[in-house]
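Fold and geometry: a report
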Amino acid sequence: MIKSLSDLHPGIGRGTEVVDLAIQRDSVGFPVIYSSSIKGSMKTVLYYRKKSLIYLLGPDQADEEKYSSPMAVMTSYMISFPVRSLKGIYTSVTCPFLLKRFAKYLSMASVLNKKYGEIAKKVEEIASISEKFPATVGFMNKHVIDGLESAVLCEEVNISKNLIEETGEMNYLRDLIGLDKSESLISLHDDGAKALVDRSLIRIARIKLNRNKKVVEEGPWTEEVIPVGTVFVTVLLGYGKDYLAKCLKEERSNELKNYLKDEEPLDVLLREVKYLIIGGDETIGRGIVELIEV
């Protein structure tokens, strides 16, 4: 899991959209984090903390030694995102489309560990609930407005109390994806969730000042930002130590062996890289995420 601890701007550069600096999205419009952004952030962490492990993510462009990276990082897909609630301040939202993607990634990871296959089945069962909107236990008490008998999300989306079904399975999902037990989670129809994503993204206008003249030198321009509390999922796949011994020169191979000892490269990487800074605006506190192994 990749859980945002601050607002994120995994950008695509300047575009022709309504927003000047848009975020990365998939083909249907949901926010994603490209694997190159994740891998680059991991390399930065290892460069400053455990430089001997940086070879696990492949060579730098300036390196004379060329080889394929023993680690593959998949595109990170959104699982849940926070939305405003007229009662209870906010709730996290997901939908069958996002959950089915999550289940596919779990099935992929089951090649390395069979436990992920069992988790995938549970997630698919939640995604298949279609009659009502499954939610965590206590959702109605926290978000349904007395008298209105509905939960109101993003000021305009009304969810009738009669359409909400509190289930223990959603509590399981909430815990699985790293949300706090005090937080609520609801799965809405795909179209409704997609509309709420667009409403929940933060769009900020920025300018650049001329310090001497104290006037605007550039701008305004607009940036799109993913809110804190959004959860993504990715899969890391990796070869074992034998591959490293074959593809690296003896000096680097021995350096890694001394560090890895009896552990596999992927296990060591996940232990050393707990937090990342992804995307732009690092100096104003954006992009901080936590990696949570399922």
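Going by the structure above, here's the rest.
Residues numbered from 1 in each chain as written. Predicted model: local features only at pLDDT ≥ 70, side-chain atom pairs only at ≥ 80, totals over all residues. Heavy atoms only, no water.

On to the packing of helix H3 (residues 115-127) against helix H5 (residues 168-176). In the contact formed by H3 and H5, the axes pass within 10 Å of each other and the chain directions differ by 125°. Between H3 and H5, the crossing angle belongs to the class labelled oblique. Considering how the two elements wind past one another, H3 and H5 form a crossing that is left-handed. Contacts between H3 and H5 involve Ile119, Lys122, Val123 and Ile126 on the former and, on the latter, Glu169, Met170, Tyr172, Leu173 and Leu176. (Axes fitted to C-alpha atoms, helices over the stretch in contact; angles between N-to-C directions. Helix = DSSP H or I, 4+ residues; strand = E, 2+ residues; numbered from the N terminus. Parallel < 35°, antiparallel > 145°, perpendicular 65-115°, else oblique. Left-handed = near helix turned anticlockwise from the far one by under 90°. Contact = heavy atoms within 4.5 Å.)

Unlike most non-glycine residues, Ile89 shows phi in positive territory, near 70°. Following the sequence through the fold, Ile89 ends up in strand E7 (residues 89-94). We note that Cys154 has phi near 50°; this positive angle belongs to a residue other than glycine. When its relative accessible area of 1% is taken as the criterion, Cys154 is described as buried. (Buried < 20%, exposed > 50% of the residue type's maximum accessible area, 1.4 Å probe, protein only.)

Running from N to C, helix H2 (residues 96-109) and H3 point in directions that differ by 165°, and their axes come no closer than 8 Å. It follows that H2 is roughly antiparallel to H3 by the angle criterion. In this structure, H2 meets H3 at a crossing whose hand is left-handed. Contact with H2, carried on its side by Pro96, Leu99, Lys100, Phe102, Ala103, Leu106, Ser107 and Ala109, involves Tyr116, Gly117, Ile119, Ala120, Val123, Glu124, Ile126 and Ala127 of H3 and no other residues of that element.

Moving on: the environment of Asp146. Inspection of the secondary structure assignment puts Asp146 in the loop between strand E9 (144-145) and strand E10 (150-153). For Asp146, a relative accessible area of 69% gives the class exposed. Sequence separation of Asp146 and Lys87 is 59 residues, and the distance between their C-alpha atoms is 9.8 Å.

The side-chain alternation of E10 yields two buried faces, one formed by Ser150 and Val152 and the other by Ala151 and Leu153. With two bridges connecting them, E9 and E10 associate as antiparallel partners. When the sheet's bridge partners are listed, Val144 is paired in E10 with Ala151. Here four bridges tie E10 to strand E11 (residues 157-160), and the two strands are oriented antiparallel to one another. Following the sheet pairing, Val152 is matched in E11 by Asn158. Hairpin connection of E10 to E11: three residues between the antiparallel strands, including Cys154 at a positive phi of 50°. (Pairing = 2+ DSSP bridges.)

What follows is about helix H1 (residues 35-49). For H1, with 15 residues, the first-to-last C-alpha span of 21 Å sits near the 21 Å given by 1.5 Å per residue. Among the residues of H1, Ile38, Ser41, Met42, Lys43, Val45 and Leu46 are the ones counted as buried. (Expected span 1.5 Å × (residues − 1).)

Take the pattern of salt bridges next. All told, the structure shown has 15 salt bridges when counted by the stated rule. For Arg271, the salt bridge identified is with Glu263, shortest N-O distance 2.6 Å. Arg271 sits in the partly exposed class, given a relative accessible area of 38%. When salt bridges that share partners are traced, they join Arg25, Lys194, Asp198, Arg203 and Glu224 into one network. (Salt bridge = Lys/Arg side-chain N within 4 Å of Asp/Glu carboxyl O.)

Right, let's talk about helix H9 (residues 265-272) for a bit. Residues of H9 that are buried include every one of Pro265, Leu266, Val268, Leu269 and Glu272, and no others. Down the axis of H9, the smallest arc covering the buried residues is 165°, so these residues share one side. (Arc of directions from axis to C-beta.)

Summed over the entire model, instances satisfying the criterion amount to two cavities of 30 Å³ or more. In this model, the largest cavity occupies a volume close to 50 Å³. If you trace the largest cavity, you find it lined by Pro96, Ile126, Ala127, Ile129, Ser130, Lys132, Phe133, Pro134, Ser187, Leu188 and His189. Secondary structure elements with two or more residues in the lining of the largest cavity: H3 and strand E8 (133-135). For the lining of the largest cavity, the class distribution of residues is seven nonpolar, three polar and one charged. (1 Å grid on protein atoms, 1.4 Å probe; cavity = no way out; pocket = protein on both sides within 12 Å on 5 of 7 lines; lining within 4 Å. Points joined across faces, edges and corners; volume = space filled by probe spheres on them. Nonpolar A, V, L, I, M, F, W, Y, C, P; charged D, E, K, R; others polar.)

The next subject is the environment of Leu209. Within the secondary structure, Leu209 sits in strand E14 (residues 202-210). C-alpha separation for the pair Leu209 and Ala127, spaced 82 residues apart in sequence, amounts to 49 Å. Excluding anything up to four places from it in sequence, Leu209 contacts Val215, Val216 and Glu217.

Everything listed here is a matter of geometry and, on its own, says nothing about what the molecule does.
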